[in-house]
Amino acid sequence: MTGDYRGFYPQVKWLLPNIAPKHVQLEALSRSMLGQQVCRHRFDAPDVKTIGRHGAAVGPASGWAHFMRMRLGKTYVALAEFLWLREDFGVTNMLVFSPNKYKEAWKLEAETSGVMSPVHVFKPDRNKAVEKFIDDHPDGVMVVNYEALIQPRNLLLIQKFVNANTFIVCDESIMIKNRSTSFFKGVHSFTKQVRYKRILTGSPIAHGPQDVYSQLRAIGALEGVNFYSFRNRFCVMGGFAGRQIVGSRNPEALGALLQQHSFVAKRPDWVDDFEPD
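Counting starts from 1 at the beginning of each chain's written sequence and moves along it residue by residue. Given that this is a predicted model, residues contribute local features only at a pLDDT of at least 70 and side-chain atom pairs are listed and counted only at 80 or more, while totals for whole chains, interfaces and linings are drawn from all residues. Derived side-chain values reflect all non-hydrogen atoms in the structure, with water molecules and hydrogen atoms excluded from consideration.

1. Concerning the confidence of the model for the chain
Next, step 1: In predicted models, pLDDT denotes the confidence assigned by the predictor to each residue on a 0 to 100 scale. Residues with a pLDDT of 70 or more make up 86% of the chain, whose mean pLDDT is 87.
Next, step 2: With pLDDT under 50 throughout, residues 40–57 is counted as low confidence; its partners more than four residues away or in other chains account for 51 contacts. Contacts are residue-level and defined by heavy atoms, with any inter-residue pair within 4.5 Å sufficient.

Shown next as structure tokens:
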């Protein structure tokens, strides 16, 4: 892997004291927190430059997406961002939305990587335990499964944990691709209240470009752009009365849009990744 991380690594190695970050994780942090890219591709020459990130030339992005394939370490990137944002940018606590099967993994990885904050896994049938955690640890980390967002009483409970300085992360954000679901509506009701939010997934597209719309909305992108104008720009309509999405178009424009708001990492580009010296 090319790219000179030697100057950047000392700045961030304190974030997760028990983890030696890989180059792909340092690249992700550099993109989202500094607005810089250290290397654009594994075949590029070592390079550090400011990228054209939407909303800011430097400093942490308010909303950002880490589209990183499995086993490239996007969970650790999000945890490191939390510690960095808490240290330097006024973030107080962290709220993670996750598929139910990954909730305990978030708790384990936060604890083993050196995040010195209490972590609570949300369980809807234990409201008193949730309320006690919120009262006792307003600076903690809470992990909530998407299914919990279906119940209004859970939304009210989660709201007690959220303030403008909460860092919100949506893991496997493909879960909120449908703008009409309770998953997206619940997540968006919280992310629009906070300054810093992230979405994580291996690939943001399952069926077509329309999948991207709600995910970007969750991080504050596409303000003023309604779904139908987005769909008409990037999707081909057909079928009965022309109401079905049958294909995609303008891939270059979609790629440019995603580049403004995300870091994309595929395993073939980072197969020779290793911990920096």
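2. Considerations on the sheet that holds strand β3 (residues 63–68)
Next, step 1: Any two strands are treated as partners once DSSP identifies two or more bridges connecting them. By the criteria applied, helices consist of DSSP H or I runs no shorter than four residues and strands consist of E runs no shorter than two, each listed in order from the N terminus. Ordered in space as β5-β6-β4-β7-β8-β3-β11, the 7 strands form an open sheet in which the pairing is parallel. Each of the sheet's edge strands pairs with one partner strand only, and the pair in question is β5 (119–121) and β11 (262–265). In this sheet, adjacent strand axes meet at a mean angle of 15° when their direction is disregarded.
Next, step 2: In this analysis an axis means a line fitted to C-alpha atoms, helices contributing only their contacting stretch, and an angle means the value between N-to-C directions, from 0 to 180 degrees. Taken strand by strand, helix α2 (residues 23–34) contacts β3, β8 (196–201) and β11, and its axis lies near 160° from that of β3.

3. Some points on the nonpolar core
Next, step 1: Buried residues of nine kinds, namely Ala, Val, Leu, Ile, Met, Phe, Trp, Tyr and Cys, make up a nonpolar core once their side-chain atoms join them within 4.5 Å. Classification of residues uses two cut-offs on accessible area relative to the type maximum, computed with a 1.4 Å probe and protein chains only: under 20% is buried, over 50% is exposed, and between them is partly exposed. Within the largest apolar cluster, 39 residues are counted, with the highest numbers of intra-cluster contacts made by Leu95, Phe97 and Met142.
Next, step 2: In contact with Leu95, other than residues within four places in its own chain, are Met142, Val144, Ile158, Phe161, Val162, Thr166, Phe167, Ile168 and Val169.
Next, step 3: In this structure, Leu26, Leu34, Leu72 and Val169 belong to the second largest nonpolar core, which totals 37 residues.

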